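Inside the fold
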Amino acid sequence: MKRLSILDKIKESKKYIDSKIKISPKTAIICGSGLSNIKNTIKQEITIPYSKIPYFKESTVPGHIGELVVGKLNSKDIFLLNGRLHYYEGYTMQEISYPIRVMKFLGVQTLIITCAVGAINEKYNVGDIVIIKDHINFIFNNPLIGKHYNDFGARFPDMTNLYDENIRKHILKIAKKNKIKSYEGIYFAVSGPSYETPAEIFAYRRLGADVVGMSLVAESMVAKQMGMNILALTYISNKASGISKKILEHEEVLNSGEKATQSIEKIISAFLEEF
């Protein structure tokens, strides 16, 4: 039996999703840890579990439901990837970013990525919103490795302005208008799942990082290769190790996400109306 290429698999995933929906959203949102309540703001929704979509992997992490939600956020058609995959779950960078390729084949032009982050910058506090302006990839793996197809975009894509500057400026204005405390910052990506040591956090800060997390980069790099506009909205779920004296726990991340959902939903809603 012929072994399917990733391109063949993407087309099968797309065909299945197309058979379940009647709209063609141009925007997709990825829900990070603790942000699944964003689903409650979506109207006329259709929910498709990842387990039903050919070649989608299932999330194993608490707080990541693992479903594709299709509907309207205010008046705008959207895809909501309610739950993401992580490198530390044992998935490859290509598997993590696979849903993003499918979204592009479905016609998505703008990707909004949300996730929880630990604060390295000491002026950040729990609940603050950090708009990512760049990242440092210390996962030491790249989702673009492997056989290349012209449908994916450039073989050697430029990562300058990965997180669109014009969008970032617009988001800062929206946050200010809504009195939401927000910053621009640099994301430091690590594999996890263990939290970092205080010495590691000190080193990351010396390298220029403002926040640290275990996701984001695979999805954003693939989206950039495929020509999408990218907005990365993160929230401070905790102070990083050594910045805080508290013991770090995933439960704290989920609780912080519930509080940050309202701010992120306000920002995304305003962005979709105005962009």
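Details of the structure are given in the entry above.
This is a predicted model, so every value here is computed, not measured.

Viewed as axis vectors pointing N to C, helix H1 (residues 6-20) and helix H2 (residues 93-105) meet at an angle of 65°, and their least axial separation amounts to 9 Å. Note that H1 runs across H2; the crossing there is right-handed. Contacts between H1 and H2 involve Ile6, Leu7, Lys9, Ile10, Lys11, Ser13, Lys14 and Ile17 from the former and Tyr98, Arg101, Val102 and Phe105 from the latter. Residue composition of the contact of H1 with H2, grouped by class: 7 nonpolar, 1 polar and 4 charged.

Let us now look at the pairing of strand E3 (residues 67-73). By the criterion of burial, E3 is predominantly enclosed, with 6 of the 7 residues buried. Sheet topology places strand E2 (residues 42-49) next to E3; 6 bridges connect them, and they run antiparallel. Note on E3: the bridge partner recorded for Thr47 is Val69. Pairing of E3 with strand E4 (residues 76-82) involves 7 bridges; the strand directions are antiparallel.

Turning our eyes to something else, we now look at the pairing of E4. Among the 7 residues of E4, 5 are classified as buried, and the element is accordingly described as predominantly covered. Where strand E1 (residues 27-31) meets E4, 5 bridges bridge the pair, whose relative direction is parallel. Each bridged residue has a counterpart across the sheet, and for Ala28 the counterpart in E4 is Phe79. In textbook terms, the turn of a hairpin is the stretch between consecutive antiparallel strands, and for E3 and E4 this stretch comprises 2 residues, one of which, Asn74, has a positive phi near 60°.

To continue, consider the packing of H2 against helix H5 (residues 217-225). Across the interface, H2 lies against H5 with an axial gap of 8 Å and an inter-helix angle of 50°. Here H2 is positioned oblique relative to H5, judged by the angle of their axes. When you trace H2 past H5, the crossing you get is right-handed. The segment H2 lies against H5, with Met93, Ile96, Ser97, Ile100 and Arg101 engaging Val217, Ala218, Glu219, Val222, Ala223 and Gln225. Here the contact of H2 with H5 is composed, by residue class, of 7 nonpolar, 2 polar and 2 charged.

How each quantity is defined
- Residues numbered from 1 in each chain as written.
- Predicted model: local features only at pLDDT ≥ 70, side-chain atom pairs only at ≥ 80, totals over all residues.
- Heavy atoms only, no water.
- Axes fitted to C-alpha atoms, helices over the stretch in contact; angles between N-to-C directions.
- Helix = DSSP H or I, 4+ residues; strand = E, 2+ residues; numbered from the N terminus.
- Left-handed = near helix turned anticlockwise from the far one by under 90°.
- Contact = heavy atoms within 4.5 Å.
- Nonpolar A, V, L, I, M, F, W, Y, C, P; charged D, E, K, R; others polar.
- Buried < 20%, exposed > 50% of the residue type's maximum accessible area, 1.4 Å probe, protein only.
- Pairing = 2+ DSSP bridges.
- Parallel < 35°, antiparallel > 145°, perpendicular 65-115°, else oblique.

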